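Spelled out from the first residue to the last, the chains are:
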Amino acid sequence: MCLSIPAKVISIDGDMATVSVGGTEYRASLQIIENVEVGDYILLHTGFAIQKLDIKEAEASLKVFEEFIELNRRLDEEESTTGKRIL
Amino acid sequence: MKYMDEYRDRGLVDHLVQRIRDVSKVPVRLMEVCGGHTMSIQKFGIPSLLPETVELVSGPGCPVCVTGRQFIDKAIAYSRLKDIIITTFGDLIRVPGSTSSLEKEKASGADIRIVYSVLDALQVAMENPDKKVIFLGIGFETTSPGSAAGIKRASEMHIPNFFLYSSHKVMPPAMKALIHEGIAISGFIAPGHVSTITGTAMYEEFPQRYGVGCVVSGFEPADLLQSVLMLVQQVENRKPGVEIQYKRAVRPEGNPKALQVLDEIFEPQDDWWRGLGVLPGSGLRLRPAFQHFDAENEIAVRVEETRDEKGCICGDILKGLKQPDECKLFAKACTPSDPAGACMVSNEGTCHAWYRYHRHG
Ligand code: SF4
């Protein structure tokens, strides 16, 4: 529940935005945040943009995110085939 | 770019672990107070990477876990009333109440809908004007501004059939209560997403009054290890302080707009926490001007007497006093598919995270 995902703002219509998380689009309310522009990265939490991300650092963390997801996927796969916990 | 390269470097984790091993001399006990951290720490097996001098314990950071069974019992009672629709985040639906759960009530015909956002719950209210729609509001400062925005919207649009049943809580009183109870903590891995809203001023009294440092951390392994390193360094240098590791998302001042909406709609109230009891000013209730949206105010209901699960030691686990494998029910009478206690339900719960990632280790 405390998880929030980084998302890129694609378009803004009033206090709602369309954002993209790894290619999938979501709606995000901008009711509780200021100064969001198209192209910004935001943290999306239960349908609300709760904070703007520093773009430079967001891209870096997205990259890490993808790598860890990939790493995890492989670990999970190995775990389920060997029945062992690896990490 | 410096920051980027570091984050891309897969050797970063090893590098950080080595740094911690080099620096850490004094034994430390670090507590995370965010369910997202609990999940990441177990998932990535962080404790097994750390030297013996560094112990990690989980605190009261999972909203579902600290919420009392009484809250669930009342939600169940509401769901049994005529013309009520319950809207809730998915996490809550499987939490066992005294004799039932929302999931069981749904199976036997209650109108209970899982929503992703409070705005979806508002939508349900607008589409069902002849029903009363109750949204179960749980969560810390990350989630409560959303509920506040939902109430604000309901008020502006004059939606008369939308109600909030609030169990929203704020984090600092719980952190303070742990210290007052004398629980040994050398530093807090402070909650990342809570802090995006609140900023860091609220942590200042921990180093100042109690000598306990706080590092606001992100959620990736490198984030968490870096935060551990920062806390270890604070202890070694005897310089506890408030630092932000999760700089890409957390600013010292937080999110002023969210804080303003939160303050407009909610006021503090005393609230009950599993393991910690009633803590002054640790909960949020609607301000008088919005009390007509308060389910507890507006919808009378009789609730069965609360009975807590015998043998569940969730309370001690949430205080960092015990680990899940010290519970007799763990992985036997209590599993994620048939949870006996709240800490086994949400994937942010310590027992759940242990069951998934730690059981064989
Ligand atoms: S294992 Fe189950 S019963 Fe035991 S403390 Fe955890 S949630 Fe409670």
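Residues numbered from 1 in each chain as written. Chains lettered and ligands numbered in written order. Predicted model: local features only at pLDDT ≥ 70, side-chain atom pairs only at ≥ 80, totals over all residues. Heavy atoms only, no water.

### Considerations on the overall build of chain A
No. 1: The number of helices and strands found in chain A is one helix and five strands.
No. 2: Buried residues in chain A amount to 46% of all 87 residues.
No. 3: Look at the contacts in chain A between residues 6 or more apart in sequence, and 29% of them connect residues 24 or more apart. (Helix = DSSP H or I, 4+ residues; strand = E, 2+ residues; numbered from the N terminus. Buried < 20%, exposed > 50% of the residue type's maximum accessible area, 1.4 Å probe, protein only. Contact = heavy atoms within 4.5 Å.)

### As for the site of the ligand
No. 1: Around the ligand, the neighbouring residues are Cys312(B), Ile313(B), Cys314(B), Ile317(B), Cys327(B), Leu329(B), Phe330(B), Cys334(B), Gly341(B), Cys343(B), Met344(B) and Cys351(B).
No. 2: Here the residues of the shell around the ligand sort into eleven nonpolar, one polar and no charged. (Near = heavy atom within 4 Å. Nonpolar A, V, L, I, M, F, W, Y, C, P; charged D, E, K, R; others polar.)

### Looking at the sheet that holds strand S2 (residues 54-58) of chain B
Residue and element names in this part refer to chain B.
No. 1: An order of S2-S1-S7-S8-S9 is seen for the five strands of this open sheet, with the pairing classed as parallel. Where the open sheet ends on each side, the last strands, each with one partner, are S2 and strand S9 (242-244). Across the sheet, the axes of successive neighbouring strands diverge by a mean angle of 20 degrees, strand direction being ignored.
No. 2: For strand S1 (residues 28-32) and strand S7 (residues 187-190), the ladder comprises three bridges, and the chain directions are parallel. In the strand pairing of S7, Leu 30 is matched with Gly 187.
No. 3: Sheet strands touched by helix H13 (residues 221-236): S1, S2, S7, strand S8 (213-216) and S9. Its angle to S8, the strand with the most contacts, is close to 160 degrees. (Pairing = 2+ DSSP bridges. Axes fitted to C-alpha atoms, helices over the stretch in contact; angles between N-to-C directions.)

### Some words on the side chain of Glu105(B)
No. 1: Mapping Glu105(B) onto the fold places it in helix H7 (residues 102-107).
No. 2: Other than its neighbours up to four places away in sequence, Glu105(B) contacts Ile76(B), Ser79(B), Arg80(B), Ser100(B), Ala110(B) and Ile112(B).

### Concerning the domain arrangement of chain B
Residue and element names in this part refer to chain B.
No. 1: Looking at the assigned domains, one finds that chain B contains domain 1 (2-60 + 172-244), domain 2 (64-170 + 254-298) and domain 3 (314-357).
No. 2: Relative placement of domain 2 and domain 3: their C-alpha centres are 25 Å apart.
No. 3: Per-residue buried area on domain 2 facing domain 3 is highest for Cys 65, Arg 94 and Arg 274; these three make up 50% of the total on that side.
No. 4: Taken together, domain 2 and domain 3 are joined by four residue pairs in polar contact (both at pLDDT 80 or more). (Domains from an automatic or database assignment. Buried area = accessible area lost by both parts, 1.4 Å probe. Polar contact = N/O pair within 3.5 Å; in protein donor to acceptor, adjacent residues only side chain to side chain.)

### Things to note about the state of the cysteines
Residues and elements named next belong to chain B.
No. 1: Summed over all chains, the structure comprises two disulfides over all chains.
No. 2: One disulfide in the model links Cys 62 with Cys 65; its S-S distance is 2.4 Å. Its torsion about the S-S bond being 70 degrees, the disulfide of Cys 62 and Cys 65 is classed as right-handed. With respect to class, Cys 62 is no different from Cys 65; both count as buried.
No. 3: Sulfur-sulfur distance for the disulfide between Cys 314 and Cys 343 comes to 2.4 Å. Of this pair, Cys 314 sits in helix H16 (residues 314-318) while Cys 343 is found in the loop between H16 and helix H17 (350-357), placing the two residues 29 residues apart along the sequence. Both residues of the pair, Cys 314 and Cys 343, belong to the buried class.
No. 4: Described in terms of the sequence order of its bonded cysteines, the disulfide pattern of chain B is 1-2, 3-4. (Disulfide = S-S within 2.5 Å.)

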